[in-house]
Number of protein chains: 2
Amino acid sequence: MSHKVEILSVGTELLLGSIANTDAQMLSRGLSELGLNVYWHTVVGDNPGRAKQAVELARSRADVIITTGGLGPTCDDLTKNVLAEAFGKKLVFHEPSAERIRAYFARTGRQMPESNLQQAMLPQGCVVLENDWGTAPGCAFEVDGVHVIMLPGPPSECTPMFRYRAVPYLQSLSEGVIASHTLKLFGIGESAMEAVLREQMNTMTNPTLAPYAKEGECELRVTAKADTDAQAQALLLPVVEQIKGLFGSMVYGVDVASLEQVVQSLLEEKHLTIGTAESITGGLMAKRLTDLPGVSRVFRGGVVSYTNEVKHEVLGVGQELLDRYGAVSAPVAEAMAQGVRRLLGCDVALASTGVAGPDRDDRGNEVGTAFVAIATPEGSYVRPLQLGNRPMRERLRTQTAHHAFDLARRYLSGLPYEN
Amino acid sequence: MSHKVEILSVGTELLLGSIANTDAQMLSRGLSELGLNVYWHTVVGDNPGRAKQAVELARSRADVIITTGGLGPTCDDLTKNVLAEAFGKKLVFHEPSAERIRAYFARTGRQMPESNLQQAMLPQGCVVLENDWGTAPGCAFEVDGVHVIMLPGPPSECTPMFRYRAVPYLQSLSEGVIASHTLKLFGIGESAMEAVLREQMNTMTNPTLAPYAKEGECELRVTAKADTDAQAQALLLPVVEQIKGLFGSMVYGVDVASLEQVVQSLLEEKHLTIGTAESITGGLMAKRLTDLPGVSRVFRGGVVSYTNEVKHEVLGVGQELLDRYGAVSAPVAEAMAQGVRRLLGCDVALASTGVAGPDRDDRGNEVGTAFVAIATPEGSYVRPLQLGNRPMRERLRTQTAHHAFDLARRYLSGLPYEN
């Protein structure tokens, strides 16, 4: 039997947009990995009537209901009361949970409001999910083939409670193993990728193919179900290889986080260092590199040269280049990369220049015109970009940085700079 | 009549947990500001049967349905097909939208797959919401008192489509006028802010006060309902002044986007320029400044000095300072700010140095130890930070950048550097 899961989140703060529903994302990911199918996310506020309706609906269509939130004293333990009532269970006092709550307050040196002991009232006969990360215990029970699991709302509690308490409970419900690999592509749009794969996507059932588009990059997830992980991998690997063959050097990695992470790994492997000279990206390339833990082993630094003086005086871009071609030009991009490579003494240097808007530059270059360059011990290369003048400033900058990192990973992998 | 809104998101990637439902958060926030009540969030996958059921349910309980996602060729325009059918509307070819889609591809220099023209099929008689940020147009229509608005899923499209296309449509649905002002605070935690305001928050009904916490900053939104904007403003302004009085220089702006935007405005006003020298923030400060359109008038550039050599050779930080105090120290932060001010010839310079982790530095400084510095024509100042070793790398870096911008806005506003 294939399980149908509904995630039901209770919290007015979600409906007001104060926070994003990251619990639902974390749970969805974890449940998919367990081979459980999440079919619905529902969010309601701290309102007993609407919460009750949502529970009745979930019960009618799902056989696993996971709730988040609504367990604390500020919402009168709404979720627990509504679920217990809907499934015909009494709430009974659970002394060990009361003891844990008292101990939690003692440990954190705070006075316990009496209302907190309400959290020790739990549905009769439930499996108590002990909360080592906060005060509200979770619980799980089954009635007429429907499993209910209640977890606290704060992500710092919900995440470990799911991983260490709910997953062991759920593992007994899933059959076989689900495994997946994610291919990351750069240099192709989502619809062009799908055009190549449409037939396969429609006819394949195990593994399945799922495409995602994300800020100018594409992902393709291949997922297989089998009795064992080895069998699932045996189904997956030929498909992964086939897709790599179809898209060639546009596939920049399998199960990797980002282009810059691939660049970091390649630099480490080859004991090389990198630096950046940024105009249009204005620090974004350096920021993305330094988001990576341990990057100080390969990243020396960068210069954000937002004015022509800084390009000339700090990076040593020739004044005649700036005068003749303007700051947004291939020769200046190349000179910026070469200049920062010299200045910082790094092996590989990346540079960006372009027009992010809101207006054209003073030479009449349209918004979205950009150049990325790479300088290496073997020479340099410039890729001109026309990113369109409609996308937002942020997206133009993100895509320009993608292109620069793409040059680096192509150089470091020994691939041609262009397809 | 008070409107009941349901946000219905269509996308298997949400149910797999590949992405969080940030669209729903953004929409919830925007809708609350318009005085519309969001009662439900629902997520279903790219599955026609379940999407149809979700639409029928939404229709039975809400009078405004806002959908996100499911408009592209990869999901066969699922949302549009299901909604059109549910509300008895035909899809008809909308030539102006087809033209926009062709032009979009022409502009970005890509080949248009024929399937993309499906996006120009829209419900008969709808209001077309032109998409200047991607290819799939949105649309809005009303049937039997239920309003439907369909928006694309990618956040980079959904956000501007909501703001510039859906909000004008929705404004006609709310009665009277809702006006609000948002005070931004830095240097106080959410619970401390709430403790000061708790009584007021509980007793005030018009205006209302709503606090938000966001990556080390706090926001306080004051919202009033009235017949006219002038009446709403008359209710709001005394409360805004009162709160400014309560929190003093911790309030860094009213209705401003960010600390860096305040810094940009102050620099423009005073005809001054700024530059950055970054170690722990690794380009984030420059990136945040260059996110601001028009910043090239005041931002000269920056140096990301991720190694001691770059600090010494490019920024001119004395070798004896680095040897004696280490890179993560007040003297080095100050020398970085002074050095970059000299190098770039800017009026004001900001610098950051610190330990972002994952490990302590080689001098034993804990993760979360950082220094931000400012150098100005009148001298320099260093603020030491202990941000705790628990927050994630990204948050440490964000908060460090906040502190640097806070120094700049305090200097430029003639305020003391500390409360």
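Structure shown above.
Keep in mind that this is a model prediction, so the values were computed, not measured.

Visitor: Just give me the short version of the interface of chain A and chain B, but keep the residues and values in it.
Guide: Contacts between chain A and chain B engage 67 residues on the former and 68 residues on the latter. Where chain A abuts chain B, roughly 5800 Å² becomes buried across the two surfaces, and 55% of that area is made up of carbon and sulfur atoms. Where chain A packs against chain B, one counts four salt bridges. A salt bridge links Glu309(A) to Arg300(B); the nearest nitrogen and oxygen atoms lie 3.9 Å apart. At the boundary of chain A and chain B, one finds 32 residue pairs in polar contact (both at pLDDT 80 or more). Partitioned by chemical class, the residues of the side of chain A that touches chain B number 29 nonpolar, 24 polar and 14 charged. Across five bridges, strand β14 (residues 299-305) of chain A lies against strand β14 (residues 299-305) of chain B in antiparallel orientation. Bridged to Gly302(A) within β14(B) is Val304(B).

Visitor: Run through the side chain of Glu194(A), naming residues and quoting values.
Guide: With respect to the helices, strands and loops of the structure, Glu194(A) is situated in helix α7 (residues 190-203). The side chain of Glu194(A) is buried and forms no salt bridge, while Arg198(A), the nearest opposite charge, is found at 4.1 Å. When neighbours within four sequence positions are excluded, Glu194(A) is seen to be in contact with Met201(A), Pro211(A) and Thr74(B).

Visitor: So, the sheet that holds strand β12 (residues 251-254) of chain B: which residues are in play, and what are the values?
Guide: Residues and elements named next belong to chain B. Across the sheet, which stays open at both edges, the four strands sit in the order β10-β11-β9-β12 with antiparallel pairing between neighbours. Pairing within the sheet leaves two strands with one partner each, and these edge strands are β10 (208-214) and β12. Within the sheet, the average angular offset between the axes of one strand and its neighbour, ignoring direction, is 20 degrees. Alignment of strand β9 (residues 177-186) against strand β11 (residues 217-226), held across 10 bridges, turns out to be antiparallel.

Visitor: Lay out the side chain of Arg410(B) with the relevant residues and their values.
Guide: With respect to the helices and strands, Arg410(B) occurs in helix α14 (residues 393-412). In contact with Arg410(B), other than residues within four places in its own chain, are Ser249(B), Met250(B), Arg383(B), Leu415(B), Pro416(B), Tyr417(B), Glu418(B) and Asn419(B).

Visitor: If you had to explain the pairing of strand β1 (residues 4-10) of chain B to someone new, which residues and values would you point to?
Guide: Residue and element names in this part refer to chain B. Of all the seven residues making up β1, six are buried; the element is thus mostly covered by neighbouring parts of the structure. By the bridge criterion, seven bridges tie β1 to strand β2 (residues 37-44) in an arrangement that is parallel. Its bridge partner lying in β2, Val5 is registered against Val38. Relative to strand β3 (residues 64-68), β1 runs parallel, the two sharing five bridges. The partner of Val5 across the bridge, within β3, is Val64.

Visitor: Mind laying out the nonpolar core, listing which residues take part and the relevant values?
Guide: Core analysis: the biggest nonpolar cluster contains 122 residues, and Ile274(A) and Ile274(B) have the highest contact counts within it. Contact partners of Ile274(A), with chain neighbours within four places excluded, come to Val263(A), Leu267(A), Leu289(A), Val298(A), Phe299(A), Arg300(A), Gly301(A), Cys346(A), Val348(A), Leu350(A) and Ala408(A). Phe141(A), Val44(B), Leu78(B) and Cys139(B) belong to the second largest nonpolar core, which has 50 residues in total.

Visitor: Mind laying out the packing of aromatic side chains, listing which residues take part and the relevant values?
Guide: The description of an aromatic ring pair rests on the distance of the ring centres and on the angle between the ring planes. With the rule as written, the count across this model stands at 12 aromatic pairs over all chains. In this structure, Lys89(A) is placed above the aromatic ring of Phe141(A), and the distance from its NZ or CZ to the ring centre is 5.4 Å. Over the ring of Phe87(B) we find Arg59(B), and its NZ or CZ is 4.2 Å from the ring centre.

Visitor: Before we move on, could you go through the pattern of salt bridges and cite the residues and values that matter?
Guide: Residue and element names in this part refer to chain B. Applying the stated criterion across every chain, the model contains 39 salt bridges over all chains. Across the pair Asp406 and Arg409 runs a salt bridge whose closest N-O atoms are separated by 3.0 Å. One end of the pair, Asp406, and the other, Arg409, are both in helix α14, three residues apart, so they sit about a helical turn from each other. No difference in accessibility class separates Asp406 from Arg409, as the two residues are buried.

Visitor: Just give me the short version of the packing of helix α3 (residues 48-61) of chain A against helix α4 (residues 78-86) of chain A, but keep the residues and values in it.
Guide: All names here are of chain A. In the contact formed by α3 and α4, the axes pass within 10 Å of each other and the chain directions differ by 50 degrees. Classified by the interaxial angle, the pair formed by α3 and α4 is oblique. The way α3 lies across α4 gives a crossing that is right-handed. Contacts from Pro48, Ala51, Lys52, Val55, Glu56 and Arg59 in α3 reach Leu78, Val82, Leu83, Glu85 and Ala86 in α4.

Visitor: Can you lay out unusual backbone geometry for me, pointing to particular residues and giving the numbers?
Guide: Of note, the amide linkage connecting Gly357(A) to Pro358(A) takes the cis form, showing an omega dihedral of 10 degrees. Residue position: Pro358(A) is located in the loop between β15 (348-354) and β16 (369-376). Phi at Asp255(A) takes a positive value of approximately 55 degrees, unusual for a residue other than glycine. Along the chain, the position of Asp255(A) falls in the loop between β12 (251-254) and α9 (259-270). On the basis of relative accessibility, which here comes to 45%, the residue Asp255(A) falls in the partly exposed class. Despite not being glycine, His271(B) has its phi angle at roughly 55 degrees, a positive value.

Visitor: Break down α9(A) for me, with residues and values.
Guide: Residue and element names in this part refer to chain A. In this model, α9 (12 residues) spans 17 Å end to end at C-alpha, consistent with the 16 Å of a helix rising 1.5 Å per residue. Considered for burial, the residues of α9 that qualify are Leu259, Glu260, Val262, Val263, Gln264, Leu266 and Leu267. The inward-facing, buried residues of α9 contact β9 (177-186), β12, β13 (274-278), α10 (284-290), β15 and α14 (393-413). Count one or two residues on from α9 and you reach His271, which has phi positive near 55 degrees.

Basis of the calculations
- Residues numbered from 1 in each chain as written.
- Chains lettered and ligands numbered in written order.
- Predicted model: local features only at pLDDT ≥ 70, side-chain atom pairs only at ≥ 80, totals over all residues.
- Heavy atoms only, no water.
- Contact = heavy atoms within 4.5 Å.
- Buried area = accessible area lost by both parts, 1.4 Å probe.
- Salt bridge = Lys/Arg side-chain N within 4 Å of Asp/Glu carboxyl O.
- Polar contact = N/O pair within 3.5 Å; in protein donor to acceptor, adjacent residues only side chain to side chain.
- Nonpolar A, V, L, I, M, F, W, Y, C, P; charged D, E, K, R; others polar.
- Pairing = 2+ DSSP bridges.
- Helix = DSSP H or I, 4+ residues; strand = E, 2+ residues; numbered from the N terminus.
- Buried < 20%, exposed > 50% of the residue type's maximum accessible area, 1.4 Å probe, protein only.
- Lys, Arg positive; Asp, Glu negative; His and termini not counted.
- Axes fitted to C-alpha atoms, helices over the stretch in contact; angles between N-to-C directions.
- Core = buried A, V, L, I, M, F, W, Y, C linked by side-chain atoms within 4.5 Å.
- Phe/Tyr/Trp six-rings, centres within 6.5 Å; stacked < 30°, edge-to-face > 60°.
- Lys NZ or Arg CZ within 6 Å of the ring centre and 35° of its normal.
- Parallel < 35°, antiparallel > 145°, perpendicular 65-115°, else oblique.
- Left-handed = near helix turned anticlockwise from the far one by under 90°.
- Expected span 1.5 Å × (residues − 1).

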